[in-house]
Amino acid sequence: MKEEVEALLKEAEERILAAQTAEELSQARIFYLGRKEGKITELMKRLPGLSVDQKRDVGPILQQLRVTVESLLSIQEKNFAKDELLDLTGRGKTVPTGGEHLLTTTIREIERIFEGFGFLSVAGPEIETERYNFDALNIPADHPAREMWDTLFVAPREEGRLMRTQTSAVQIRYMEKNEPPFQIISVGRVFRHEATDFSHEINFHQAEGLLVGEKVSMANLLYTLDAFFKRFFSGQKIKTRFRPSYFPFVEPGIEVDVYLPGKGWLEMGGAGLVHPKVFQAVKYPKGISGFAFGLGVERLAMVKYGVPDIRFFYQNDMKFLQQFGGEMRLK
Amino acid sequence: MKFSIQKIREMAPFVKSAEDVRERLTTHLFEVEDIVGDTIDIKILPNRYDAASYLGLTRELYAAAGKRWKEKKLTKVRVVKKGSVKAVIQTKKCARCMTVYMEGVRISPSPKWLQDVLLHSGMRPINNVVDVTNYVTLMTGQPLHAFDFQKMEGKQIVVREAKQGEEVKLLTGEQIFFQKGELMLADTRGALDLAGIKGGERAEINAETEDIVLTAANFDGTTVRETARRVGVITDASSRFAHGLSAELVGAGMEMAINLLIKITGAKLGKTFDAYPKKALAKKIVFDPDRILEILGVEITPKEMKKILQDAGFGFSGKQIIVPSVRTDIETIEDVAEEVGRIYGYNNFSLISPQVYLFSNEEEGLHMLERVVRERLIATSYQEIKTHSFVSEREAEETGNWGVIGDEGEAVKIENPTAALYARGRKTLITLGKEVVKRAAKDFSQVRMFEIGNVYVKNIGKVKEETVATFFSSSREREGIREVKGVLQAIIKNISPSSLIEEQKDDKLFLSLQGKVVGVVGHAEGVAYGEISLTRLLSFISFEKKYEAESVYPVTFRDISFSLSREVSFGELESEMIKAGRELLSDFYQRDEYKKEGKSIFTYRMYFQSKEKTLTNEEVDGRMSDIIQSLSKNGVEIF
């Protein structure tokens, strides 16, 4: 019987390995291991009729035969099973997903960088008074610089309320309530009395930074701006450039340009050391110094993400939203 | 403002090309807007009109190159005629006025070199007298004007404030009526010009002109700016005056103009009058190199600073810096530091990290709340949008009251809107948001969107501003409402331990915390909306969370279908279910809604769970029949 077993093993091996289709393999399984007439099953059935000695002899090799054939069959079956797997190649289905507006993404990037630098995010109102938006920022009523900001006023004009033209107003609000040293960042909506076109909107966002302490210098300001832009445009070989400029609430005043490969120099915002008159307006003692800067959020987003028209941010076209946000299913 | 590159290079020969001019000006002084041919368009900073001239630019270019510029002395001229026209100032709004009488001009076109400079500086040549005055303005920054002496009355020019209703016909032919207090140069007959803005037609220089009166003056910037804006005539001269010029420029401009008029028009010089009641004193600032160093943060030696300042025209007297008379913008040591910094070049600065203060206070509550709510909405598959802060009158009227601050006052009115679409501040984000959703719902199924932003309301002279989060769903009416309501409840449950109280008024549901309305839910035009005031929520938030033991025993459920046979609200029915289900009813929701024999049938799924044991079928069925009994009492037909 031993010989019979060995011959059967050899034959089974050959037959199983030679099988070309899942069908042939399944026939082989029935032929050897079939519950009724399987060759191995039959041999196993003969076991009880054998003597104790024969059982001891043949039992293990018969068991071994069954295990070997079984494992050989299942290995081969797995190989053939591939043919019968689900077709996974069809297009994935859109699962409705929420998403952030690109401006929020940009604002959060700006905040994340400055929060990493140790700046605290604060907010201020969008409807401001002339005092916070102009007077306390060293822009008195007859100052020609008021013309630099085309202002939307709240009616009636005599009440002195306006849609804030810049986030610098937040500086005054924060300084009135807090003592230096500190560093804050305030990102928010600002408004201009301007006709809209590809680069102008009636409302847009600014990121305002303010650091106040002792012996704060222009070199500190330039470092901070340079560090910010390197992180904001990380991965691109950028350069920063600082030009003289004029804003009544800073002295010296500068503008910052960023050089982006393939795009050239692009204006990104204004900055400077806080004007002593601004510190006077919030009754800070002498010897306090600080820097402030204001960056255009839409501008940064347009440059970073290649958006050609500022109006896209407020048109809420689904295709635009989905490019940077979540996904919705078409009807 | 436009300048000729050729002329700039003639005056500052070390400048190599147009690009070189751009580079030097950009780095040290002004932004360059454009270069076309020989013309460079420079954006003059509002406080630096002293440099809005060839002489000013040249001085700056020299200083930026580390060189010192010496202005050429003009040739001496002699007074050869007795004629005179006196200058008289009768207002505080004029700091200085000079007049010169000149005889026997020969009017003709200007020489080509002069015409070229004018043309390349964006000006049109007219005749030699007018061209010289324009050229001198470009050279020195001082506006000048020449009048035809024969056409004037009397022998003096008075600078005075107009009486209401006086008039002048401008060179353009436009008739202007003065308002009281506006400035004019006048003879005995009346106004000769709109001072500092435009000359008058009456004493215009033309081909027949023989004798002229040349004038140069210094006018109050605010007055000129306001008049120019009122009459809508903004000129090169008016913008120069509007930005504040030094009275010292009057003399420089006059000297150059006299010199050129003699050379070019053959005029004979008469008498000069200089009305200058209060000569401007040279400003002095203590030279404090340590302070400059502190401001700039860059190692520049006092010697280097001194050289930079001297190159820029500053003088030194002992420990004092003497500010050049033309520099009306320099008042403090900070201004001086800026001069040193920009001429040294900000791009040559070493960058030094500031010292940063470590905050112990928390992030602002509202800011954090915004982030939390935004993240929650996005996770609930809502897409963020951004709409304008303004709405039209009609929109404000029709939908202004839909939001959470709806009935607290009127929408803020904008005094000077740029378009009718932007007439009012938004009182709710629903107005514009629902339009976005309606548009998107044409192409997309189940549109869900949200916006977080500020809304404004005005009540008895007070303006209130709140930050709200507003979300929309295009799902079917009842489903949509349940959805946005669920979202609103989930948001509040997540951040506030207080329980929400609902109240339906008309077609809107108001939700409040401790008696204060914090949210609203509604449905209109196929869009379900919810709005929460984050500003109000702020006083109820708590991010503290504690673990609570959950039941470990299995949950079982039963479905129940019913129709309503009389008016009863879902809210009432659901509270009946809760009452009847008692401690074993752990949750329920409306699973389905369908029509059968003309009746609306609603299916609810009720979940049962005990904290103490596994419930038997009998226990669950018992509680179910309590619920059915209680519902039946409320006019419900069970199926």
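None of the values given here were measured: they were computed from a predicted structure.

(A) Representation of the domain arrangement of chain B in the model. One can read the domain layout of chain B as domain 1 (2-64), domain 2 (86-275), domain 3 (284-315 + 331-348), domain 4 (365-540) and domain 5 (556-638). Relative placement of domain 3 of chain B and domain 5 of chain B: their C-alpha centres are 83 Å apart.

(B) The sheet that holds strand β5 (residues 94-103) of chain B, seen in detail. Residue and element names in this part refer to chain B. Taken together, four strands build an open sheet; the order of strands is β6-β13-β5-β14 and the sheet is antiparallel. Two strands close off the open sheet at either side, each with one partner strand: β6 (144-148) and β14 (268-275). Ignoring which end each strand starts from, the neighbouring axes of this sheet average 20 degrees apart. In this structure, β6 lies alongside strand β13 (residues 212-219), joined through five bridges in antiparallel fashion. Its bridge partner lying in β13, Asp-148 is registered against Ile-212. Strands β6 and β13 of the sheet are contacted by helix α5 (residues 128-140), whose axis makes an angle of about 165 degrees with β6. Its contacts with the sheet put helix α8 (residues 248-265) on β5, β6, β13 and β14, and the angle it makes with β5 is roughly 10 degrees.

(C) Broad picture of the interface of chain B and chain A. Each side of the interface is counted separately: chain B has 84 residues, and chain A has 89 residues. Where chain B abuts chain A, roughly 7100 Å² becomes buried across the two surfaces, and 57% of that area is made up of carbon and sulfur atoms. Across the chain B-chain A interface, the total number found is six salt bridges. Here chain B is connected to chain A by 39 residue pairs in polar contact (both at pLDDT 80 or more). If you tally residues by element for the side of chain B that touches chain A, the top one is strand β21 (residues 448-459) of chain B, at seven residues. A class-by-class count of the residues in the side of chain B that touches chain A yields 32 nonpolar, 24 polar and 28 charged.

(D) Local environment of empty space enclosed by the protein. Taken as a whole and judged by the stated rule, the model has two cavities of 30 Å³ or more. Taken as a whole, the largest cavity encloses approximately 80 Å³ of empty space. What lines the largest cavity is simply Pro244(A), Ser245(A), Tyr246(A), Leu29(B), Leu45(B), Asn47(B), Arg48(B), Arg327(B), Asp329(B), Glu338(B), Glu339(B) and Arg342(B). Secondary structure elements with two or more residues in the lining of the largest cavity: β6 (239-245) of chain A together with α11 (333-344) of chain B. One number sums up the size of the second largest cavity: a volume of about 40 Å³. Every residue along the wall of the second largest cavity is listed here: Arg48(B), Asp50(B), Arg59(B), Glu60(B), Ala63(B), Ala312(B) and Arg327(B). Here the residues of the lining of the second largest cavity sort into two nonpolar, no polar and five charged.

(E) Examining the side chain of His388(B) more closely. Its place among the elements puts His388(B) in the loop between β18 (383-384) and β19 (390-391). His388(B) sits in the buried class, given a relative accessible area of 15%. Side chain to side chain, His388(B) and Glu201(A) meet in a polar contact 2.8 Å long. In this structure, His388(B) is in contact with Arg189(A), Glu201(A), Ile202(A), Asn203(A), Tyr314(A), Tyr422(B), Arg426(B) and Leu432(B), ignoring residues within four places of it in sequence.

(F) Spotlight on the pairing of β13(B). Residue and element names in this part refer to chain B. For β13, the buried fraction is high: eight of the eight residues fall into the buried class. What you see with β13 is no split at all: Ile-212, Leu-214, Ala-216 and Asn-218 on one side and Val-213, Thr-215, Ala-217 and Phe-219 on the other are buried throughout. Bridging between β5 and β13 involves eight bridges; their strand directions are antiparallel. Each residue of the ladder has a partner; that of Tyr-101, found in β13, is Val-213.

Analysis parameters
Residues numbered from 1 in each chain as written. Chains lettered and ligands numbered in written order. Predicted model: local features only at pLDDT ≥ 70, side-chain atom pairs only at ≥ 80, totals over all residues. Heavy atoms only, no water. Domains from an automatic or database assignment. Pairing = 2+ DSSP bridges. Helix = DSSP H or I, 4+ residues; strand = E, 2+ residues; numbered from the N terminus. Axes fitted to C-alpha atoms, helices over the stretch in contact; angles between N-to-C directions. Contact = heavy atoms within 4.5 Å. Buried area = accessible area lost by both parts, 1.4 Å probe. Salt bridge = Lys/Arg side-chain N within 4 Å of Asp/Glu carboxyl O. Polar contact = N/O pair within 3.5 Å; in protein donor to acceptor, adjacent residues only side chain to side chain. Nonpolar A, V, L, I, M, F, W, Y, C, P; charged D, E, K, R; others polar. 1 Å grid on protein atoms, 1.4 Å probe; cavity = no way out; pocket = protein on both sides within 12 Å on 5 of 7 lines; lining within 4 Å. Points joined across faces, edges and corners; volume = space filled by probe spheres on them. Buried < 20%, exposed > 50% of the residue type's maximum accessible area, 1.4 Å probe, protein only.

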